[in-house]
Amino acid sequence: MLHAEAQMIMPRPVMAAASTVNRGFGDLYGALKRLDRDIAQQGESTDTAREDMRSLWDALWNLRDVMRVDLGITAPDQDA
């Protein structure tokens, strides 16, 4: 319920970045569950899951930066 409530008040840039992170974690979780059950889809492996996890860090840093700009902590054109 909290995620649904947050969607109602988050500004668009924050919502877009949060959605990317949320979707990435969901996809990674699904792949890990399939790997654990030995029903991985074509192209799924522990190596690809590890790479997907690494790429999520980029999305998380982007979310952090967008949130800092929204809160006025960091200027839009400033590195956080």
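To be clear, the structure that these remarks concern was listed above.
Residues numbered from 1 in each chain as written. Predicted model: local features only at pLDDT ≥ 70, side-chain atom pairs only at ≥ 80, totals over all residues. Heavy atoms only, no water.

Participant: Hey, could you run me through the nonpolar core in this one?
Facilitator: One broad trend across soluble globular proteins is that nonpolar side chains are buried collectively. Judged by nonpolar contacts, Val-14, Ala-17, Ala-18, Val-21, Ala-59, Leu-63 and Val-66 together constitute the single largest core of seven residues. Of all the secondary-structure elements, those providing two or more residues to this core are α2 (12-36) and α3 (46-71). A total of four residues in this core trace back to one element, the largest contributor, which is α2. (Core = buried A, V, L, I, M, F, W, Y, C linked by side-chain atoms within 4.5 Å. Buried < 20%, exposed > 50% of the residue type's maximum accessible area, 1.4 Å probe, protein only. Helix = DSSP H or I, 4+ residues; strand = E, 2+ residues; numbered from the N terminus.)

Participant: Got a minute to help me understand unusual backbone geometry in this structure?
Facilitator: Peptide bonds are, in most cases, trans, and in most cases residues other than glycine have a negative phi. The backbone of Asp-38 shows a phi angle near 60 degrees, a positive value even though the residue is not glycine. By the element assignment, Asp-38 lies in the loop between α2 and α3. Accessibility expressed as a relative area gives 70% for Asp-38, which makes it exposed.

Participant: Would you take a moment to explain the pattern of salt bridges for this structure?
Facilitator: Side-chain pairs of opposite charge can arise whenever the charged atoms involved come near each other. By the definition in use, this model includes four salt bridges. Residues Glu-44 and Arg-34 are paired through a salt bridge, measuring 2.5 Å at the closest nitrogen-oxygen approach. Residue Glu-44 is located in the loop between α2 and α3, and its partner Arg-34 is located in helix α2; the two are separated by ten residues in the primary sequence. Among the residues examined, Arg-34 registers a relative accessible area of 22% and is labelled partly exposed. A salt bridge links Arg-54 to Glu-51; the nearest nitrogen and oxygen atoms lie 3.4 Å apart. Taken together, the residues Arg-54 and Glu-51, both in helix α3 and three residues apart, mark about one turn of the helix. Residue class for Glu-51 comes out partly exposed when judged on its relative accessible area of 43%. (Salt bridge = Lys/Arg side-chain N within 4 Å of Asp/Glu carboxyl O.)

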